[in-house]
Amino acid sequence: MSLIQTPKPARAPSPAPSPTTGGVERPRSGPAALLGLLTAAGGPRYAAALLVDALGTGLLRPFLLLYGIGVLALDAGAAGLAMSAGMVAGLLVLPLTGRWIDLGARSLPAAATLLVRAAGSVTLLLADGVAGFTAAAVLLGVGSQSWPATHAAVVSTLTEGRTRDAALAAGRTLRNAGLGAGALLATLAVAGGTGALQLLAGVTAAACLLAAGLVHSLRVSAPPAAETPQPRPSSATAATTPDPALRRITLLSVANLPFAFTFDVLEVALPALLVLHLHASAAWSSGIFVGNTVLVIALQLAVVIRLGERSRHTVLAAGGFALTLSYLGFWAAGGIGGTAAAGAVAAVSVLYTFGEILYTGSGTALVAATAPPHLLGRALARWELSMGVGRALAPAALTALLAVGPGVLWPVLAGATLVASVAVARLRPRG
């Protein structure tokens, strides 16, 4: 199991469990449990790093683009291209991050992602043109893309079973809260002018640097892959056979691609549908976004704990089925017309949010539970790579389909998600 420094320590305290059927224990839900789960993997220092990551994630998207346009006077197209380069660079680094984790590193890679993001913020302050802005976007992209895998590795080392699932859910709850808070801070910074944007970049750099120091001080590590006992292959051919669990995770990661479009449905497809096709006020899309964020923050942890006795494959597939139904619901709602159509889209978005909660609450937890300890890093990297590729493709794909018409977008999206959900269900181990 996990090692902190050199001796094997007592496992980090987790929230008080409550018995369930079959003698299985699961964490309680509620504000106290949320706080306990946030400190279960690494204590208050790591919880502080989670808070910095959450706020940084919320700031990154709106803040980075606005900084390039407002402070550096870049063309919107050039700024967007630089941000895309940062995302691609982050995806390319993910496999290396996974192999680093498999060498036994845990807190060091997590600290490194925060340090790289601090360097990106400093580079942003020093930038005076497209080249500097691109360099900053690359550093921020690398740090942001690698963080989820390194965070999941730390949590998986310090917790186990359903407590690990709940701890991951608690981190996502904080992350969603940070998305809203970070976006609000970015909005306030824009109102304050270029000076406020530069101050915010400096504060972000300092916060990431502090968080990196806190995470590194935990000294969390695990036995490297070479020290993990593994059965010897019976022949030279068997030696080249991929690990069955890693192969299963690879297939899950491929099935995850349509799931990864989920987030951009909320941020891209629904606003475009409401404003461009239904001619509704932009306030509808803003209200749906806020409602989604509030529901995820309020329900994510409780749902994960409530479904703790269910197979993770089943929960993930159920999330896909719920998303499929919501996409068909958006299609049907769009055909109503007028204000009633916007109201129907808002109502269906509740089902969409429930599907998102099931998906995000089970996906990473399933990978962490399925991966052999010596391949945890590569497994998490493959999952996050599929997530990043899906999110990179989603804006262009969704807008292209919607340009043809809602009657094309929603059936295609529903069909792809349904196929992915069936694939996830079939990948469940038998017996």
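Residues numbered from 1 in each chain as written. Predicted model: local features only at pLDDT ≥ 70, side-chain atom pairs only at ≥ 80, totals over all residues. Heavy atoms only, no water.

**Q** I would appreciate a short explanation of the packing of helix H10 (residues 262-277) against helix H15 (residues 406-426) in the present structure.
**A** Between two packed helices, the angle of one axis relative to the other and the distance separating the axes together describe the packing. Closest axis-to-axis distance for the H10/H15 pair is 12 Å, and the angle between their directions is 155°. The pairing of H10 with H15 is recorded here as roughly antiparallel in orientation. For the element pair H10 and H15, the recorded crossing hand is left-handed. Residues Val265, Ala269, Leu270, Leu273 and His277 of H10 form the contact with H15, whose own contacting residues are Pro406, Leu409, Trp410 and Leu413. A breakdown of the residues in the contact of H10 with H15 according to their chemical character gives 8 nonpolar, 1 polar and no charged. (Axes fitted to C-alpha atoms, helices over the stretch in contact; angles between N-to-C directions. Helix = DSSP H or I, 4+ residues; strand = E, 2+ residues; numbered from the N terminus. Parallel < 35°, antiparallel > 145°, perpendicular 65-115°, else oblique. Left-handed = near helix turned anticlockwise from the far one by under 90°. Contact = heavy atoms within 4.5 Å. Nonpolar A, V, L, I, M, F, W, Y, C, P; charged D, E, K, R; others polar.)

**Q** Is there a simple way to explain unusual backbone geometry in this structure?
**A** Leaving glycine aside, a negative phi is the common case for residues, and trans is the common case for peptide bonds. In this structure, Arg219 takes a positive phi of about 55° despite not being glycine. Considering the arrangement of structural elements, one finds Arg219 in the loop between helix H7 (194-216) and strand S4 (220-221). Positive phi, normally seen in glycine, also occurs at His279, with a value near 55°. In this fold, His279 is placed in the loop between H10 and helix H11 (282-306).

**Q** Can you walk me through H10 in this structure?
**A** Along its length, H10 reaches its greatest deviation from straightness, about 35°, at Ala269, and the proline Pro271 lies no more than four positions downstream. For H10, every residue scored as buried is listed here: Thr262, Phe263, Asp264, Val265, Leu266, Ala269, Leu270, Ala272, Leu273 and Leu274. Here the buried face of H10 lies against helix H9 (244-260), H11, helix H12 (312-334), helix H13 (338-370), helix H14 (376-404) and H15. Just past H10, the residue His279 takes up positive phi, approximately 55°. (Bend = angle between axes of the 7 residues up to and from the residue. Buried < 20%, exposed > 50% of the residue type's maximum accessible area, 1.4 Å probe, protein only.)

**Q** Please clarify how helix H6 (residues 161-191) should be interpreted in this entry.
**A** Working note: α-helix, 3.6 residues per turn, so residues spaced by three or four point in the same direction. Along its 31 residues, H6 runs 46 Å from first to last C-alpha, staying within 8% of the 45 Å computed at 1.5 Å per residue. Phi for Gly193, located one or two positions after H6, is positive at around 90°. (Expected span 1.5 Å × (residues − 1).)

**Q** What am I meant to see in the environment of Gly202 here?
**A** Structurally, Gly202 is set in helix H7. Between the C-alpha atoms of Gly202 and Ser121, which are 81 residues apart in sequence, the distance is 6.8 Å.

**Q** Quick question: what am I supposed to make of the packing of H10 against H12 here?
**A** In contact at an axis separation of 13 Å, H10 and H12 are set at 5° when each is read in the N-to-C sense. Here H12 runs roughly parallel to H10, going by the angle between their axes. Counting all contacts with H10, which are made through Thr262, Val265, Leu270 and Leu273, the residues of H12 involved are Leu323, Tyr327 and Phe330.

**Q** What is the right way to look at the side chain of Thr360 in this model?
**A** On the secondary structure map, Thr360 appears in helix H13. Reaching out from Thr360, the side chain makes a polar contact with the side chain of Gln300 at a distance of 2.9 Å. Leave out the neighbours within four places in its chain, and Thr360 touches Arg172, Phe263 and Gln300. (Polar contact = N/O pair within 3.5 Å; in protein donor to acceptor, adjacent residues only side chain to side chain.)

**Q** What exactly am I supposed to notice about the pattern of salt bridges here?
**A** Any two side chains of opposite charge can pair, given that their charged atoms come close. Inspection of every chain in the model, using the stated rule, returns 6 salt bridges. Linking Asp264 and Arg391 is a salt bridge whose minimum nitrogen-to-oxygen distance equals 3.5 Å. Placement of the pair is Asp264 in helix H10 and Arg391 in helix H14, with a sequence separation of 127 residues. Judged by relative accessible area, Asp264 falls into the buried class, the value being 3%. Connected through shared salt-bridge partners, Arg162, Arg164, Asp165 and Arg312 make up one network. (Salt bridge = Lys/Arg side-chain N within 4 Å of Asp/Glu carboxyl O.)

**Q** Mind showing me how you'd approach the nonpolar core here?
**A** A general trend in soluble globular proteins is that nonpolar side chains are found buried together. If you look at the biggest cluster of nonpolar residues, it comprises 67 residues, and the most contacted ones within it are Val265, Leu270, Tyr327, Phe330, Val345 and Trp410. When residues in this core are grouped by element, the largest group, 10 residues, is from H13. Apart from residues no more than four positions distant in its own chain, Val265 is found in contact with Leu270, Pro271, Tyr327, Phe330, Tyr352, Leu398, Trp410 and Leu413. (Core = buried A, V, L, I, M, F, W, Y, C linked by side-chain atoms within 4.5 Å.)

**Q** Could you clarify how one ought to interpret the packing of aromatic side chains in this entry?
**A** In this description, an aromatic ring pair is defined by two values, namely the gap between the centres and the angle between the planes. Enumeration according to the criterion identifies 6 aromatic pairs in this entry. A ring pair is formed by Phe259 and Tyr359, whose centres lie 5.1 Å apart and whose planes are at 35°; its orientation type is tilted. A residue pair is termed long-range when its members are at least 10 positions apart, and Phe259 in helix H9 and Tyr359 in helix H13 qualify at 100 residues. Residue class for Phe259 comes out buried when judged on its relative accessible area of 1%. For the ring pair Phe263 and Tyr359, a centre distance of 6.1 Å and an interplane angle of 40° mean the geometry is tilted. Of this pair, Phe263 sits in helix H10 while Tyr359 sits in helix H13, and the two are 96 residues apart along the sequence. (Phe/Tyr/Trp six-rings, centres within 6.5 Å; stacked < 30°, edge-to-face > 60°.)

**Q** Just checking my understanding: could you explain the confidence of the model for the chain for this structure?
**A** The predicted structure's coordinates, where accompanied by low pLDDT, should not be read in detail. Averaged over the chain, the pLDDT score is 84; the fraction of residues at 70 or greater is 86%. The model gives residues 1-24 a pLDDT under 50, and that stretch makes 49 contacts with residues more than four places away or in other chains. Here residues 233-240 is a poorly scored stretch, pLDDT under 50, and it has 2 contacts once near neighbours within four places are set aside; other chains count. (pLDDT = per-residue confidence, 0-100.)

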